[in-house]
2 protein chains.
Amino acid sequence: MDDNRLSIIPLGGVNEIGKNMYVIQCGEDIIVVDCGSKFPDESLLGIDVIIPDISYLIENESNVRGLVVTHGHEDHIGGIPYIIKQLNMPIYATRLTLGLIKSKLKEHGLLAATILHQIDAHSELTLGQVPVSFFSTNHSIPDCLGVVIHTPQGMVVHTGDFKFDFTPVNNQYADIHKMAEIGNNGVLVLLSESTNAERSGFTPSERLVGANILEAFTNASGMIYITTFASNVHRLQQIIDAAAKTNRKITLAGRSMVNVVDIASKLGYLTISQAMLVEADEASKYKRDELVVLCTGSQGEPMAALGRIASGNHRQFAIFPGDTVIFASSPIPGNERSVSRIVDNLFERRARVIYGAGSTTGMHVSGHASQEELKLMLTLMKPQYFIPIHGEYRMLHLHRLLAESVGVNDSNIFILNNGDVVDFAGSEAFQERNVPNGDTYVDGLGIGDVGNIVLRDRKVLSADGILIIVITFGKSENKVVSGPDIISRGFVLAKESEGLLDEVNRITLQVMEQHQESKLHRHWGLYKRDVKETVGKFLYAKTKRRPMILPIIIQV
Amino acid sequence: MDDNRLSIIPLGGVNEIGKNMYVIQCGEDIIVVDCGSKFPDESLLGIDVIIPDISYLIENESNVRGLVVTHGHEDHIGGIPYIIKQLNMPIYATRLTLGLIKSKLKEHGLLAATILHQIDAHSELTLGQVPVSFFSTNHSIPDCLGVVIHTPQGMVVHTGDFKFDFTPVNNQYADIHKMAEIGNNGVLVLLSESTNAERSGFTPSERLVGANILEAFTNASGMIYITTFASNVHRLQQIIDAAAKTNRKITLAGRSMVNVVDIASKLGYLTISQAMLVEADEASKYKRDELVVLCTGSQGEPMAALGRIASGNHRQFAIFPGDTVIFASSPIPGNERSVSRIVDNLFERRARVIYGAGSTTGMHVSGHASQEELKLMLTLMKPQYFIPIHGEYRMLHLHRLLAESVGVNDSNIFILNNGDVVDFAGSEAFQERNVPNGDTYVDGLGIGDVGNIVLRDRKVLSADGILIIVITFGKSENKVVSGPDIISRGFVLAKESEGLLDEVNRITLQVMEQHQESKLHRHWGLYKRDVKETVGKFLYAKTKRRPMILPIIIQV
């Protein structure tokens, strides 16, 4: 391999939202950017979380110089404890991001074994032979980084997640001047996130939400419940500020809310006076119009704080008629129905509820760049090559069209699949190879041990259950010494379907007789196959269901 | 019971979208309005469809005078074939609705056994002793009825599903004058649908969509694919008209599209010249810019026509770069991700795609009344009592607030659960009793035979699979004569987990020894319980999974 060759490989994050992981390989040095997780869809029965397949990194373990993390969201850090078990590498991240990573590593008992380096937007690292620098961006969590990797072929820029917020909360400005300077110095290839490539215009400033929350608080009577993503620290700050201005104290409900407020205020990202903060157990000592309850559960999770409060199952909090509940959030696609269930419950208790898309309520803005901001980033960076990342195909596709519209050459844009490699050598870039990649499933303590066969069985079991036929034969003769016994689970209720199961019994014996007549006895494989087929057909004709049929033959 | 007593009972349709069924009981006579079905959510594993529990009607079979159907959507007619098997009653519906019902009954082999009466908005029936009349409404399917039941207590008005469209397609006007007259004559109680009670304003006219479709067709090059609900006959008419105006012919893709176009054009609801209609198999004889393909699959169903076309698996149609695909639809909440998958596939084939909410694309309008139209209906009917129906709780709640805003007395509004009874006697209404009610699950051919135990088993099986332990004992002694044999499905791959399963084997025998020491041998119930518990704990500690554990004991 050319010593100077530069290769860029997404191992997760393209053609999907989630499990971001990008590999930048420069000669002998491999730098990994982000290590996210993704939630499974409902077809992946029993799977807890999905992480990237890192076979390629494990194969090249001795070349991996470190993991650079752009920010502290799950789709960028959620894979870390699982990946670190397979491949320990030093981690570079900003203070808040590192705080969140540490909390994860601690939970998995990995904190002592992992090497962590705190960086900031001004840090300059050299990983192996490769200089790496950063620039600050705006997003829905503080302390976000864009990454610049200085390779002999040219500069590689990875935006991380971003928006442009010219009036950010806590004055956490994005460094647009540094971005312009980077662009002026000549960017070889830009990797830019595509989450909101479907949205026209410019994402509003987070401050807009603050003004609307203050107005809602001013008009509210009774208790105020407000829910948002715990990690949206600037949102939390605005809620705290609005509470202070309306003479209310803050109480926290939900484990991740308590956790983030603790980390963020200790690290100085969140300003809240101890006098403002009321313990949940003390809340009953205050009048209802003196409190704001800041809750988890903005996506309708029934077991999160707001879900339990709405259904009347929370130890400390209850809804009274006239209380105000504010969703400072938009339902993520797929969560609309869960959120609706919570709102139904809140209305039953006669709460006033502000809910729906942030664009209609004003209580939420996105943390991602809309089309005009994506064009602004492309214009600042003026990249020779462009790889849209962090999005499903239609987002990558529309981001490509945006790049073309601001002058990037169509043939210099690569829409990749995970595992695809773009190689830069000489003055050219080409995509003609790929590396092992895919979804690694985490189920309980197992990483990657649940595959397609197990999932296929779960699918069959989930739809129509299982029917087990146990039959015992004597060792020396062809005589049935016990059974057939029919046991079913998840198929029909045995009590109510005796006739049906008696028939299965009869069919099982009938197949046996046929086999004996055909001198096929004791070909157990054949016998099982024929019982499965015959019983399966019979049950389908009678019930239009297809349970898993499992004949078990015992010989004594 | 008071001979004149009037009772109103929803058996389906309140606190849910789907399976509408409302019972109006007047003295000895029971009239049923609508008989819908609902799709199960993903927690109801293996269930195909949900229908109302009609125990109450079966108990009172001799009083049931008939089923009046307001219109031909699934949530109003989908339960008919299953309910008719349990309780045969005469069905009253308009011509198109009846056409769709017949097609269902035929499929289930019930056509000959069912008594069908064709009615229209001018019909006047007497069911038992009760006069019933109708009024025409606008909705996203033609031939919709509101129902007026003339009882000794006063008039009961059921709106069916409606919107107000002052410029309807094919001049199918709602009879607003008749509604005004009904209101003037004094309405005792109004049952009005609440689907869009969350939406402010007035739902736009269907004609708006026609104009936008024509514009999109005019600007399109290549093949045009357009998808919408097959039952939206007015939408189909506007698509056909736009095709004619842009000199394109129409081809149909998808079984329900072919079915509805057939029924609706035979019955005169859809005007399409034979010269316009091209068989799918003949489509290849035309140039791509001479055709519009009208497809099923607007909700992202992967196996519907558009789903298969998008993934390159359709026999007759394929996407070429530059083809136009139009979603003349909005994703129903919960279907956003499926629709997105289809759009991803279409972009990969370089189609131009018009997709998203109807409010942003202009390619879809709702068939349901928004807040101002709900207030218009309430104002026209001036009901003494009001029961919001057809909606989840928050929609019913907001509809209540609308009714109060136009002057209905708060204490005269009933938000009901399915099965709740509102009794009208003397000059009063009260809600203090209820009748059997609930979801009846259809799984294959079984109606109501899958209950909570079966579903709970399916849930356990789906998450972590099953582990079966078979052990055979001699009849006369305590000796294990075969096994333990461990068989698992959907848990772990047996090959990769030999050690784990060996341990299970060892534990099973160990529990046996303990039982023998404690003189508990042959207490098989206790033994099974202890094996389940001990093995369960072991597996959870090792894997953090909880498969169903099924010990099977054979005695020979």
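Residues numbered from 1 in each chain as written. Chains lettered and ligands numbered in written order. Predicted model: local features only at pLDDT ≥ 70, side-chain atom pairs only at ≥ 80, totals over all residues. Heavy atoms only, no water.

What to know about helix α6 (residues 206-219) of chain A
Residue and element names in this part refer to chain A.
No. 1: For α6, built from 14 residues, the straight-helix expectation of 20 Å at 1.5 Å per residue is met to within 8% by its first-to-last C-alpha distance of 21 Å.
No. 2: Turning to α6, its buried residues number three or more, namely E206, V209, G210, I213, A216 and F217. What you see down the axis of α6 is that its buried residues fit within an arc of 130 degrees, all on one side. In α6, the exposed positions angled more than 90 degrees off the buried face are occupied by E215, T218 and N219.
No. 3: In this structure, the buried side of α6 is in contact with β13 (224-227), α7 (233-245), β16 (291-295), β17 (324-327) and β18 (352-354). (Helix = DSSP H or I, 4+ residues; strand = E, 2+ residues; numbered from the N terminus. Expected span 1.5 Å × (residues − 1). Buried < 20%, exposed > 50% of the residue type's maximum accessible area, 1.4 Å probe, protein only. Arc of directions from axis to C-beta. Contact = heavy atoms within 4.5 Å.)

Considering the pattern of salt bridges
No. 1: Summed over all chains, the structure comprises 48 salt bridges over all chains.
No. 2: For E198(B), the salt bridge goes to R394(B), with nearest N and O atoms at 3.0 Å. Of this pair, E198(B) sits in the loop between β12 (187-193) and α6 (206-219) while R394(B) sits in helix α13 (residues 393-405); the two residues are 196 residues apart in sequence, bridging distant segments of the chain.
No. 3: On the basis of relative accessibility, which here comes to 30%, the residue E198(B) falls in the partly exposed class.
No. 4: Each of E198(A), E392(A), R394(A), R341(B) and D344(B) takes part in a single network of salt bridges with overlapping partners. (Salt bridge = Lys/Arg side-chain N within 4 Å of Asp/Glu carboxyl O.)

Overview of the sheet that holds strand β26 (residues 548-555) of chain A
Residues and elements named next belong to chain A.
No. 1: Pairing is mixed in the open sheet, where three strands are placed in the order β25-β24-β26. Among the strands making up the open sheet, the edge pair consists of β25 (480-489) and β26. Adjacent strand axes in the sheet meet at a mean angle of 15 degrees when their direction is disregarded.
No. 2: Pairing of strand β24 (residues 466-473) with β26, which is carried by eight bridges, proceeds in the parallel orientation. Following the sheet pairing, I471 is matched in β26 by I553.
No. 3: Where helix α16 (residues 524-543) meets the sheet, it contacts β24 and β26, and its direction lies at approximately 145 degrees from that of β26. (Pairing = 2+ DSSP bridges. Axes fitted to C-alpha atoms, helices over the stretch in contact; angles between N-to-C directions.)

What about the packing of aromatic side chains?
No. 1: Enumeration over the complete set of coordinates arrives at 20 aromatic pairs over all chains.
No. 2: Centroid distance F162(B) to F164(B): 5.8 Å. Interplanar angle 75 degrees. Geometry classified as edge-to-face. Pair check on accessibility: F162(B) and F164(B) agree, each one buried.
No. 3: Both rings, one in F473(B) and one in W524(B), keep their centres 4.5 Å apart while their planes meet at 35 degrees; by these two values the pair is tilted. Pair noted here: F473(B) is in strand β24 (residues 466-473) and W524(B) is in helix α16 (residues 524-543), with a separation of 51 residues, a long-range link.
No. 4: Residue classification places F473(B) among the buried residues on the basis of a relative accessible area of 0%.
No. 5: On the accessibility criterion, W524(B) (17% relative accessible area) is buried.
No. 6: The rings of F162(A), F164(A), F166(A) and F202(A) are connected pair by pair, giving a single aromatic cluster. (Phe/Tyr/Trp six-rings, centres within 6.5 Å; stacked < 30°, edge-to-face > 60°.)

Some points on empty space enclosed by the protein
All names here are of chain A.
No. 1: Enumeration over the complete set of coordinates arrives at four cavities of 30 Å³ or more.
No. 2: When its volume is computed, the largest cavity comes out at roughly 130 Å³.
No. 3: In this structure, the largest cavity is lined by 18 residues; those nearest its centre are N138, H139, S140, D165 and H234.
No. 4: Of the residues assigned to the lining of the largest cavity, the class counts are five nonpolar, nine polar and four charged. (1 Å grid on protein atoms, 1.4 Å probe; cavity = no way out; pocket = protein on both sides within 12 Å on 5 of 7 lines; lining within 4 Å. Points joined across faces, edges and corners; volume = space filled by probe spheres on them. Nonpolar A, V, L, I, M, F, W, Y, C, P; charged D, E, K, R; others polar.)

Topic: the confidence of the model for chain A
No. 1: In the predicted model, chain A carries a mean pLDDT of 93, and the fraction of residues at 70 or more is 98%.
No. 2: Interface confidence in the predicted complex, given as ipTM, is 0.88; pTM for the same model is 0.90. (pLDDT = per-residue confidence, 0-100.)

Observations concerning the relation of the copies chain A and chain B
No. 1: When chain A is fitted onto chain B, the two copies agree to an RMSD of 0.1 Å after a turn of 180 degrees and an axial shift of 0.0 Å. Between the two chains, the operation in question is that of a two-fold axis. Closest approach to the rotation axis within chain A is made by the C-alpha atom of S462(A), at a distance of 2.2 Å.
No. 2: The residues that chain A uses at the interface reappear at the interface of chain B in 100% of cases, marking a shared surface. (Least-squares fit on C-alpha atoms with pLDDT ≥ 70 in both.)

What about the domain arrangement of chain A?
Residue and element names in this part refer to chain A.
No. 1: Split by domain assignment, chain A resolves into domain 1 (6-201 + 366-447), domain 2 (207-361) and domain 3 (452-555).
No. 2: Here the C-alpha centroids of domain 1 and domain 3 sit 52 Å apart.
No. 3: Each partner contributes to the interface: domain 1 provides six residues, whereas domain 3 provides four residues.
No. 4: In total, about 440 Å² of surface goes out of reach between domain 1 and domain 3, with carbon and sulfur atoms giving 60% of it.
No. 5: At the surface where domain 1 touches domain 3, the tally comes to one salt bridge.
No. 6: At the boundary of domain 1 with domain 3, the tally comes to two residue pairs in polar contact (both at pLDDT 80 or more).
No. 7: For the side of domain 1 that touches domain 3, a count of residues per class yields four nonpolar, one polar and one charged. (Domains from an automatic or database assignment. Buried area = accessible area lost by both parts, 1.4 Å probe. Polar contact = N/O pair within 3.5 Å; in protein donor to acceptor, adjacent residues only side chain to side chain.)

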